[in-house]
Amino acid sequence: MLGDANHLPLCGVWIDEQGHAHVSLATEAGERTEALAEFHPFAWLRERPAELPPHAELAALAGDGLYPFLVHTRTAPAHAALLKRIGTAGYDVLRPLECQFLLQKRRRLYDGLRFHQLRRCQLDIETAAAGEDHFSDPAQPGDRVLAIGLRFGDRTELLELAADTDDAERDLLQALNARLAAEDPDTIEGHNLFKFDLDYLRVRGKRLKVPCAWGRFGQKASFRNSRLKLAERWLDFPRCDVPGRAVVDTFLLAQLHDISSRELTAYGLKDLARHFGITTEEAEERTYLPGAQIQRAFHADRERFRAYLRDDLRETAGLGDLLLPTYFEQVKAFPTTLQEAALRGTSTKVDLLFLEEYYHRRATIPGPVEVATFEGGFSRSFQEGVFHDVMHFDVASLYPSLLLSMGRNPRSDSQGVFIPLLRQLRDYRLKYKALARTEPDPEMRAEYAARQASFKILINSFYGYLGFSGARFGDGELAAEVTRRGRELLQALIEEFGKHDCTILEADTDGIYLASARWFAAPEELLAKVVGILPAGIELEYDGSYRAMFCYKAKNYALFDGEKVTIRGSALRSRGIEPYLKKLGDQLIRHLLGTGAESPLALAEEFRRRIAARTAEVRELAKSENLGQSAEAYEKFVAGGGKPRRAAAEAALQLNPRPRLGDRVAYFIAPKQKGMTSDWQRARPVEAFNPATAPYDPDYYLAKLDDWLERYGPFLGQKPTPAQGELF
C-alpha cells in the first residue's frame with residue numbers, strides 16, 4: 001500500500017482485472033516508483049438491489065435525484081457482475097475505473113509537478129513497402145518495421161532493423177519493449193500514433209509473437225476501436241491504452257486545437273512544424289524525404305535516413321511542447337488521466353467535478369437532462385472591405401461572469417455546487433493570469449500561461465455544460481437567460497462605442513472589432529470611456545490593435561498586426577478548398593492588407609491558361625475532405641437508397657485499402673460523360689489520375705475560377721470575365 005508514499009506526486013494509475021489500484025509515483029529524485037493503493041469500485045443505483053455481492057456496501061443518499069443509492073464492491077469482477085444483473089437502465093457509473101480511483105481519493109495526476117518534470121517519450125517508426133508506389137501494409141510479411149525512433153528529453157535513440165529477417169524484426173520489437181521499461185516514461189507521444197505507428201507495431205508484433213509490453217506494472221497495451229468528435233465531424237481510430245502511461249497523439253491534439261483557432265490548413269507533421277515555427281520555412285537543417293524514398297534511403301543512405309527520423313522526433317516533441325501543457329494542467333484540476341483529458345470533451349470533464357462533490361457528500365445525483373434549442377450569442381458583420389486603425393475589445397469570460405453575477409445554480413443542483421466551483425476556478429484563473437504577466441522566469445511564465453489557459457477553457461465550459469443535452473446538471477432555461485443578457489450587453493457596448501467616433505466592424509458573442517483613427521494610439525483611454533455602462537462583475541478588456549482588417553462577411557475576416565496575418569472563417573480559409581483557389585485567396589488577403597503581396601489577378605490568369613492547356617498539376621486542383629462516414633458505412637447508406645451522394649465518399653470507394661471515418665481523401669473531377677454530370681459521379685481519387693486515360697475536367701475548374709473572381713473581384717476593382725463551362 002502507499003503508506004508513507006501517499007504525499008508523492010501521482011504519475012500513473014492502472015486498475016487491474018481484480019480491481020486493485022496500481023500507481024506510479026514521482027520520487028524527490030525525479031525517478032518513478034510503483035505501489036498498490038486501496039480502491040473500491042462504485043456505482044449509483046436507481047433502486048435498492050435485491051441481492052448484493054459479499055462485502056458490498058450500500059448507502060442511501062441524501063436528496064431526491066434519480067439515483068438515490070451508492071454501492072461499493074471489494075473487487076472489479078463483483079462490480080461488473082452486479083451491474084450486469086441490474087441492467088444498464090438501473091445504474092449510472094463512471095468509467096474508466098482509473099477516473100473512479102482519482103475521484104474517490106480526491107487525487108490528481110501530476111499534482112506538485114511542473115511540465116518539464118513530466119517524463120516524456122516521442123516515438124516514430126519507419127516501415128518497408130512492396131514498392132515505391134505502394135503503402136506499407138503490416139499484414140504483408142515483407143513490409144517490416146525498418147526503424148523505431150525514440151526521444152527522451154534531449155536524447156534520441158534509433159533502433160534499427162539489423163537484417164531483412166523475422167528474427168531481426170523480432171529483436172527490434174523486443175528492444176522497444178526493453179527501452180520503454182528502462183526509461184519508464186509517463187507519456188508516449190507521436191504524430192498519427194494511433195492510426196499508424198502503434199497499430200502497425202501491434203500487427204507486426206502479433207505476426208512475430210512479440211507482446212506489446214509497453215506498460216508499467218509489467219503490463220501489455222490494449223487496443224480497441226474508438227472515435228473522437230472534432231467539432232462537426234467524427235474521426236475513427238484504433239485506440240491504444242498503455243497501463244500507467246498516457247498515449248498522446250499530436251495529430252489529434254492539433255485538430256482539437258484547430259476547433260477554436262480555425263487557422264490550420266493541414267495536419268501533417270511537417271505542415272504543423274512550419275506553421276508553429278518549430279521548423280522554419282528556410283530551415284536548411286531539416287532533412288526531408290518523400291515517402292516513396294524512405295525505404296531506399298534506409299538501405300542506400302543510412303545517415304540521411306537517420307537525420308530524417310531525428311527531425312520527425314524533434315518536431316513531434318515541439319508540437320507536444322506547444323499543445324500538451326493545457327491538458328497537463330487540466331488533469332491537475334480534474335479527476336481524470338492525461339489520455340482521457342485529451343480524448344474527452346469539456347462537458348465530460350466539468351461533470352467529473354460535480355460527481356466528485358456529490359460522491360463525497362453522499363448526495364443523490366440527477367439523471368440526464370434534455371435541453372431545448374435556444375438563441376445563441378449576438379453575431380453581426382457591420383462592414384465590408386478593408387479598414388485601418390483597428391482595435392479589438394472583449395468582455396472577459398462573458399458567460400461565466402454573467403453566471404456569477406446572477407448567482408443561480410442549475411435546477412437539478414440540489415447541493416448548490418455549481419456557482420461556488422465556478423467562482424473558485426475563476427479566481428484561480430485570474431491568479432495565474434496575473435502571474436503569467438509578472439513572473440520574470442520565462443519557464444514559469446509559460447507554465448502559468450498554460451495554467452490560466454486551462455482554467456479559461458474550464459470556466460467557459462461551465463456555460464456550455466448548461467446547454468448540453470444529456471448533462472446531469474444541465475439547465476437550458478438558465479443557459480438561455482445567460483445568452484439573452486450577453487446579447488443585450490454586447491449591443492449596449494456597440495451603441496456606446498459608436499458615440500466615440502468608432503466605426504463598428506464586427507461583433508461576435510463577447511468581442512467587438514472597431515476602427516478609429518482618433519483612439520488607435522490610446523485604446524485604454526477609449527476603454528475608460530465605455531466601461532461605465534457595464535454591470536458589476538463584468539469586465540471589458542482591450543485585446544489588441546491591427547494595422548488593417550479585411551471584412552468579408554459575418555465571422556469571416558482577416559487581420560494584420562504589422563507582423564502576422566490572422567484569418568478567421570471558413571469562407572476565407574477552408575481546409576476543403578481547392579489548392580489553386582486557396583493560393584489565390586491567400587495572395588488576395590495579403591494584398592488587401594498591405595503586406596507587400598501583388599494583386600492575385602495575374603496569378604488567376606496564369607491558372608486560367610494552365611488549366612485550359614491541361615498543364616496544371618492535379619494536386620493543385622484536387623479538393624481534400626475528411627470522410628464523415630467510413631467507406632463501408634457509406635456503401636450501405638447508398639445501397640439503402642440514401643441521399644445525398646458525396647464526391648469524397650465516392651472517391652474513397654475507389655481506393656484500396658479503403659480509408660476510415662475521419663480520414664482525408666483528395667479527389668478531382670473527371671470530364672462529363674453521358675448520364676454522369678454530377679460531382680459525385682465524376683469524382684476520382686488523385687491516385688487514379690492519368691493525363692491520358694483519366695484526366696481532370698478543365699471546364700469544371702475554369703468555372704470554379706470564374707466563381708472565385710465573381711466573389712472577390714469587386715475587392716480588387718475588377719469584374720470577372722466568365723469562361724465557357726458550368727460550375728456544376
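Residues numbered from 1 in each chain as written. Predicted model: local features only at pLDDT ≥ 70, side-chain atom pairs only at ≥ 80, totals over all residues. Heavy atoms only, no water.

1. With respect to the overall build of the chain
What counts, and what does not: Numbered from the N terminus, helices here are DSSP runs of H or I no shorter than four residues, and strands are runs of E no shorter than two. Two residues qualify as a contact provided that any one of their heavy atoms is within 4.5 Å of a heavy atom in the partner residue. Throughout, the Shrake-Rupley method with a 1.4 Å probe supplies accessible areas, and for residues the shown protein chains are the sole cover considered. As used throughout, the charge tally considers Lys and Arg to be positive and Asp and Glu to be negative, leaving His and the chain termini uncounted. By convention, charge coordinates are those of NZ in Lys, CZ in Arg, CG in Asp, or CD in Glu.
From N to C terminus, the chain includes 23 helices and 24 strands. Long-range pairs, those at least 24 residues apart, make up 66% of the contacts in the chain between residues at least 6 apart in sequence. Accessible surface, the chain as shown: approximately 33,000 Å² in total, 48% of it carbon and sulfur. Treating the 97 positive side-chain charges of the chain as one cloud and the 104 negative ones as another, the clouds have centres 3 Å apart.

2. Considerations on the sheet that holds strand β6 (residues 69-72)
For the record, the criterion: Any two strands are treated as partners once DSSP identifies two or more bridges connecting them.
One open sheet holds the 4 strands; their spatial order is β5-β6-β4-β7, and the pairing between them is antiparallel. Edge positions in the sheet fall to β5 (57-60) and β7 (91-92), since each has one partner strand and no second. As defined by bridge partners, β5 adjoins β6 across 4 bridges and the pair is classed as antiparallel. For L58, the partnering residue across the bridge sits in β6 and is V71.

3. Structural notes on the packing of helix α18 (residues 601-612) against helix α23 (residues 698-712)
So the rule is basically this: To obtain an axis, a line is fitted to C-alpha atoms, over the contacting stretch when the element is a helix, and the angle between two such axes runs from 0 to 180 degrees between their N-to-C directions. By definition in this entry, angles of less than 35 degrees are roughly parallel, angles greater than 145 are roughly antiparallel, angles of 65 to 115 are roughly perpendicular, and the rest are oblique. The hand of a helix crossing depends on one turn: near helix anticlockwise from the far one by less than a right angle means left-handed, and clockwise means right-handed. Basically, the charged four are Asp, Glu, Lys and Arg, the nonpolar ten are Ala, Val, Leu, Ile, Met, Phe, Trp, Tyr, Cys and Pro, and anything else, Gly included, counts as polar.
It is the contact of α18 with α23, at a shortest axis distance of 9 Å, that shows an interaxial angle of 165°. Taken together, the axis directions place α18 and α23 in an arrangement best described as roughly antiparallel. Regarding α18 and α23, the two cross each other, and that crossing is left-handed. Each of L601, A604, R608, I611 and A612 in α18 lies in contact with α23, whose residues at this interface are P698, Y701, L702, L705, D706 and L709. A per-class count over the contact of α18 with α23 returns 9 nonpolar, no polar and 2 charged.

4. A short note on the sheet that holds strand β24 (residues 683-685)
Within a sheet, adjacent strands bond to each other through the backbone by hydrogen bonds, running parallel or antiparallel. Taken in spatial order, the 3 strands line up as β22-β23-β24 in an open sheet, and their pairing is antiparallel. In this open sheet, the two strands that pair with only one neighbour each are β22 (623-626) and β24. The sheet shows a mean angle of 45° between the axes of neighbouring strands, taken without regard to direction. Pairing between strand β23 (residues 664-669) and β24: 3 bridges, direction antiparallel. If you follow Y667 over to β24, its bridge partner there is P685.

5. Here's the deal with the confidence of the model for the chain
Let me state the cut-off plainly: Per-residue confidence from the predictor is reported as pLDDT, which spans 0 to 100.
Overall, the predicted model of the chain reaches an average pLDDT of 92, with 97% of residues at or above 70. This stretch, residues 723-728, has a pLDDT under 50; its non-local contacts, to residues over four places away or in other chains, come to 15 contacts.

6. Some points on empty space enclosed by the protein
Here is the rule: In this analysis the probe radius is 1.4 Å and the grid spacing 1 Å, with only protein atoms considered; a cavity is a set of points the probe fits into but cannot get out of, a pocket is an open set with protein on both sides within 12 Å along at least five of seven lines, and lining residues have an atom within 4 Å of a point. Grid points are joined across faces, edges and corners, and a volume is the space filled by probe spheres set on the points.
In total, this model carries 6 cavities of 30 Å³ or more according to the counting rule given. When its volume is computed, the largest cavity comes out at roughly 100 Å³. Around the largest cavity sit 13 residues that line it, and A571, L572, R573, I577 and G585 are the ones nearest its centre. Broken down by element, the lining of the largest cavity gets its largest block of residues, 6 residues, from helix α17 (residues 579-592). Class assignment for the residues of the lining of the largest cavity results in 8 nonpolar, 2 polar and 3 charged. Taken as a whole, the second largest cavity holds about 60 Å³ of empty space. Together, L230, A231, E232, R233, Q255, D258, I259, R262, Y267 and R575 line the second largest cavity. Counting residues per element, the lining of the second largest cavity draws most heavily on helix α5 (residues 250-261), which supplies 3 residues.

7. Some words on unusual backbone geometry
Trans is the prevailing form of peptide bonds, just as negative phi is the prevailing case for residues other than glycine. Operational definition: Exposure is judged per residue with a 1.4 Å probe applied to protein chains only, and the accessible area is read against the type maximum: over 50% gives exposed, under 20% gives buried, and values in between give partly exposed.
Going from R95 to P96, the amide bond is cis rather than trans, its omega being 0°. Within the secondary structure, P96 sits in the loop between β7 and α2 (97-105). A cis amide bond links K643 with the next residue in sequence, P644, at an omega value of 5°. With respect to the secondary-structure elements, P644 resides in the loop between α20 (631-639) and α21 (647-652). For N192, which is not a glycine, the phi torsion comes out positive at approximately 65°. Looking at the element boundaries, N192 is found in the loop between β11 (187-190) and α4 (193-208). N192 gets classed as partly exposed once you look at its relative accessible area, which sits at 24%. Not every positive phi belongs to a glycine, and R614 is a case in point at roughly 60°.

8. Focus: the packing of aromatic side chains
Heads up, the rule is: The rule is short: rings of Phe, Tyr and Trp, with Trp giving its six-membered ring, pair when the centres are within 6.5 Å, and they are stacked under 30 degrees, edge-to-face over 60, tilted in between.
Evaluated as defined, the whole model comprises 36 aromatic pairs. Aromatic pair F42 and Y359: ring centres 4.5 Å apart, planes at 35°, arrangement tilted. Linking F42 in strand β4 (residues 42-45) with Y359 in helix α11 (residues 346-360), this pair joins segments that are 317 residues apart in sequence. Measuring from centroid to centroid gives 5.6 Å for Y580 and F607, while their planes differ by 70°, and the two rings are edge-to-face.

9. Topic: the nonpolar core
Soluble, globular proteins show a tendency: their nonpolar side chains are buried together. For clarity, the threshold we go by: Residues belong to one nonpolar core when they are buried, are Ala, Val, Leu, Ile, Met, Phe, Trp, Tyr or Cys, and are joined through side-chain atoms within 4.5 Å.
Formed by 84 residues in total, the largest nonpolar core has its most connected members in F101, Y110, L123, I148, L176, L201 and W214. The contacts of W214, once residues within four sequence positions are left out, are L176, N177, L180, I188, L198, L201, Q219, A221, F223, C240, V242 and R245. One finds V350, F354, F455 and L527 within the second-largest nonpolar core, a separate group that totals 68 residues.

10. A look at the pattern of salt bridges
Test applied: Put simply, a salt bridge is a Lys or Arg side-chain nitrogen that is within 4 Å of an Asp or Glu carboxyl oxygen.
Inspection of every chain in the model, using the stated rule, returns 61 salt bridges. A salt bridge links D312 to R286; the shortest N-O distance between them is 2.6 Å. With a gap of 26 residues between them, D312 in helix α8 (residues 302-323) and R286 in the loop between α6 (269-275) and α7 (294-300) connect regions that are remote in the sequence. For D427, the salt bridge is made with R426, and the minimal N-O distance between the two is 3.4 Å. Linked by salt bridges that have partners in common, R114, E329, K332, E443, E447 and R451 make up one network.

11. What to know about the packing of helix α12 (residues 398-406) against helix α14 (residues 442-466)
Following both chains from N to C, one finds α12 and α14 inclined at 75°, their axes separated by 7 Å at the closest point. Taken together, α12 and α14 sit at an angle that is classed as roughly perpendicular. Seen from α12, the contacting residues are Y399, P400 and L403; seen from α14, they are I459, N460, Y463 and L466. Along the lines of polarity and charge, the residues of the contact of α12 with α14 split into 6 nonpolar, 1 polar and no charged.

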